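Chain and residue survey
As a plain string of letters, each chain reads:
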Amino acid sequence: MAPDLRRPFPLGPRGFVLAGLGVAGIWAALYLGLQPSDLTPSTGGLSLARDFFARAFSPALSSEAAYVPDGTPGLLALSLRAAVTTVVYAAAAMSVALVLGIVLGFCASTAWWSGDPLGGRTWFGRTVAPVIYGATRVLIGFMRSVHEVLWAVLFLAAVGLTPLAAVVAIAIPYAGTLAKIFSEMVDEAPREASHALRAAGASGMQQFAFGLVPRALPDMIAYAFYRFECALRSSAVLGFFGYETLGREIEQSFVSTNYGEVWTHLYVLLALVLVFDAWSGRLRARLAR
Amino acid sequence: MKQPATGFSLDDVSVRFGAHAALRGIDLEVAPGEAVALVGPSGAGKSTLLRVLVGMVRPGAGRARVGGEDLATLTRSALRRARASIGFVHQDLCLVPNVRVARNVLSGRLGSQGLVRSTLGMVFPPRAALDEALAILTRVGIPEKLFERTDTLSGGQQQRVAVARALYQGPAALLADEPVSSVDPARARDTVGLLTRISREEGLTLLMSLHNLELAREFFPRLVGMRAGRIVFDRPSEAITEADFHALYDLDPAEVLADGA
């Protein structure tokens, strides 16, 4: 059959899906009654915004509070201490999330369970493995679908303002996300090397560990660094619940209308993320060599 | 690790991939220590035949025996042992590109090690293993590359790494699937020469598939010609005639388009 040259690249079903998404977006905007006039702030709101943004270029260097009790550390010391606490919470949460994410991610990858064509699948491979695979995928979906702030609300209600509650609240959704992405990275890694190891008698576990994982590892490391950066932000936000991270300093300065202090804390958070980004970029470049 | 050479035998072996018949009733005996070249056009079934011999493809009919043992009857661990006894040099090399050469070579012996021991050996290779890997790399001519990252090597050098990995297995036989399809003619000649020399010195059985009939005649005493899943001829290389060559490569147009390689 000769190709139809009048319609060289027919849109087909993909075109309908795209059009459908566009219609859904417009419908959502209409449903919410979005209109440009919503962006006009009230007079009080406008002056607050003006006061707040006016301080963007003059962050506070010392406390702006009217009364500072004796023995209170200076603003910068306070901000740096909160920054360190932010990093500590993020690091603790990420170390839990990484271990869980690797274990769950491997269990949720098809490559981990793929069988041997001639050796035949074992009894375990035919019956138990699909159950573990499916259960893991449901579990990581559930872990991911609840935001860390919601997990925090739940754990605070259950156990109170303990450090572990914050760490677990961040670690659960992060482990779920890491597991999902890790499983995809391992499944998308080229399989020739692991097939060659199979032909040389390697077991399924060995093929996975030495043929497949090394190919996915650089991507996995890069993604883990990116998630660490996200964990820094999450850890800062949990300060709004009272944890001694940058979020608590920001919230307290904000409700006291000490906007200069807010900007100081925001810049410390920005610096934290930038420094981390620069450091992880250098580390990744060294690992890639 | 040194084992006595293994022979192969295929008894009326057929393999289908969907509607495509890759092998149709293949009978082939390869004696221990023999060197045989499989020649023929793409899609003739040479790769499939080699993959049947390491248990990577299960024949739909017939028996594949390695060292007298029917692969279909082996337990998983016996199959692993059978595979570990055969070094396989793949067409597209199948190395892990982003690790050092040493790790690719050392991975050849995974088949005869348990998970714990192999993990320790891969992460912290013992000195003796590195000495051995270096000795094998010296044999294939690239000792200085032991700790280079594999993907920094040239195509010809990577091919030697693939050969080294197969030799590090301490195999009783070598299978090579078009090992020279991706390098220039001079290097192709080199590599075929290297593989035939090493298997002769070690007394290994060697079965290699090749497009290049001239190379096959130069280095192998016995040639097996394949086309469309069947063996067309099987004779000593000095007895190969012009007619045999035409029987392999004079394709009719329908066959060219139906090529399922």
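Residues numbered from 1 in each chain as written. Chains lettered and ligands numbered in written order. Predicted model: local features only at pLDDT ≥ 70, side-chain atom pairs only at ≥ 80, totals over all residues. Heavy atoms only, no water.

**Overview of the sheet that holds strand S1 (residues 8-17) of chain B**
All names here are of chain B. Ordered in space as S2-S1-S4-S5, the four strands form an open sheet in which the pairing is antiparallel. Edge positions in the sheet fall to strand S2 (20-30) and strand S5 (69-70), since each has one partner strand and no second. Pairing between strand S4 (residues 61-66) and S5: two bridges, direction antiparallel. In the sheet register, Val66 faces S5, and the bridge partner there is Glu69. (Pairing = 2+ DSSP bridges. Helix = DSSP H or I, 4+ residues; strand = E, 2+ residues; numbered from the N terminus.)

**Regarding the nonpolar core**
Residues and elements named next belong to chain A. Counting 52 residues, the largest nonpolar core has Val186 and Leu246 as the members making the most contacts within it. Elements that contribute at least two residues to this core include exactly helix H3 (75-107), helix H5 (123-145), helix H6 (148-159), helix H7 (163-188), helix H9 (204-237) and helix H11 (259-288). Other than its neighbours up to four places away in sequence, Leu246 contacts Ser79, Ala82, Ala83, Thr86, Ala236, His265, Val268, Leu269 and Leu272. (Core = buried A, V, L, I, M, F, W, Y, C linked by side-chain atoms within 4.5 Å. Buried < 20%, exposed > 50% of the residue type's maximum accessible area, 1.4 Å probe, protein only. Contact = heavy atoms within 4.5 Å.)

**A closer look at the sheet that holds strand S8 (residues 205-210) of chain B**
Residue and element names in this part refer to chain B. Here we have six strands laid out as an open sheet, ordered S6-S7-S8-S3-S9-S10, and mixed in their pairing. The open sheet is flanked by strand S6 (86-89) and strand S10 (230-236), the only strands paired with a single partner. Sheet twist, expressed as the average angle between the axes of neighbouring strands with direction ignored, equals 15 degrees. Alignment of strand S7 (residues 173-177) against S8, held across five bridges, turns out to be parallel. Bridging across to S8, Leu175 finds its partner in Leu207. Along the sheet, helix H9 (residues 242-249) contacts strand S3 (35-39), strand S9 (222-227) and S10; its crossing angle with S9, the most-contacted strand, is approximately 35 degrees. (Axes fitted to C-alpha atoms, helices over the stretch in contact; angles between N-to-C directions.)

**Let's talk about the pairing of S1 of chain B**
Residue and element names in this part refer to chain B. Examined bridge by bridge, S1 and S2 share seven bridges and lie antiparallel to one another. Its bridge partner lying in S2, Val13 is registered against Ile26. Where S1 hands over to S2, the hairpin turn is made up of two residues, of which Gly18 adopts a positive phi near 65 degrees. Pairing between S1 and S4: five bridges, direction antiparallel. Bridging from a neighbouring strand, Phe8 pairs with Val66 of S4.

**Focus: the interface of chain A and chain B**
Tallying the contact residues gives 27 residues for chain A and 32 residues for chain B. Regarding the contact of chain A and chain B, the summed buried area is about 2400 Å², with carbon and sulfur atoms giving 64% of it. The tally of links from chain A across to chain B stands at seven residue pairs in polar contact (both at pLDDT 80 or more). Elements supplying a minimum of two residues to the side of chain A that touches chain B: helix H8 (192-199) and H9 of chain A. Of the residues in the side of chain A that touches chain B, the class split is 13 nonpolar, eight polar and six charged. (Buried area = accessible area lost by both parts, 1.4 Å probe. Polar contact = N/O pair within 3.5 Å; in protein donor to acceptor, adjacent residues only side chain to side chain. Nonpolar A, V, L, I, M, F, W, Y, C, P; charged D, E, K, R; others polar.)

**Observations concerning the packing of H3 of chain A against H9 of chain A**
The description of two packed helices rests on the angle between their axes and on the distance between the axes. Residues and elements named next belong to chain A. Between H3 and H9, the shortest axis-to-axis distance is 9 Å and the interhelical angle comes to 150 degrees. Of the two possible hands of crossing, H3 and H9 adopt the one that is right-handed. Across the interface between the two elements, Thr85, Thr86, Val87, Tyr89, Ala90, Ala91, Met94, Leu98 and Phe106 of H3 pack against Phe208, Val213, Met220, Ala224, Arg227, Phe228, Ala231, Leu232, Ser235 and Ala236 of H9. A breakdown of the residues in the contact of H3 with H9 according to their chemical character gives 15 nonpolar, three polar and one charged. (Left-handed = near helix turned anticlockwise from the far one by under 90°.)

**Focus on the packing of aromatic side chains**
Given two aromatic rings, one states the distance between the centres and the angle between the planes to describe the pair. Overall, the coordinates contain 21 aromatic pairs over all chains when judged by the stated rule. Each member of the aromatic cluster is reached from another via a ring pair, and the members are Phe52, Phe53, Phe254, Tyr259, Trp263 and Tyr267 of chain A. Lying over the aromatic face of Tyr174 of chain A, Arg227 of chain A brings its terminal NZ or CZ to 4.2 Å of the ring centre. The ring of Tyr168 of chain B has Arg109 of chain B lying over it, and the distance from NZ or CZ to the ring centre is 3.9 Å. (Phe/Tyr/Trp six-rings, centres within 6.5 Å; stacked < 30°, edge-to-face > 60°. Lys NZ or Arg CZ within 6 Å of the ring centre and 35° of its normal.)

**Thoughts on the pairing of S3 of chain B**
Residues and elements named next belong to chain B. In terms of residue burial, S3 counts as a mostly covered element, since four of its five residues are buried. Examined bridge by bridge, S3 and S8 share five bridges and lie parallel to one another. Bridge assignment links Val39 to a residue of S8, and that residue is Leu210. Of the strand pairs in this sheet, S3 and S9 are connected by four bridges, and their pairing is parallel. Each bridged residue has a counterpart across the sheet, and for Val36 the counterpart in S9 is Arg222.

**Some points on the confidence of the model for chain B**
Segments scoring low in pLDDT should not have their predicted coordinates read at a detailed level. Of all residues in chain B, 95% have pLDDT values of 70 or greater, and the mean over the chain is 89. Predicted complex metrics record ipTM = 0.88 and pTM = 0.85. (pLDDT = per-residue confidence, 0-100.)

**Section: the side chain of Thr205 of chain B**
Residues and elements named next belong to chain B. Summarising the element assignment, Thr205 is placed in strand S8. At 2.5 Å, the side chain of Thr205 forms a polar contact with the backbone oxygen of Thr6. A polar contact of 3.0 Å, which involves the side chain of Thr205, links it to the backbone nitrogen of Gly33. If near-sequence neighbours (up to four positions away) are discounted, Thr205 is found in contact with Ala5, Thr6, Gly7, Phe8, Val30, Ala31, Pro32, Gly33, Glu34, Ala172, Ala173 and Leu174.

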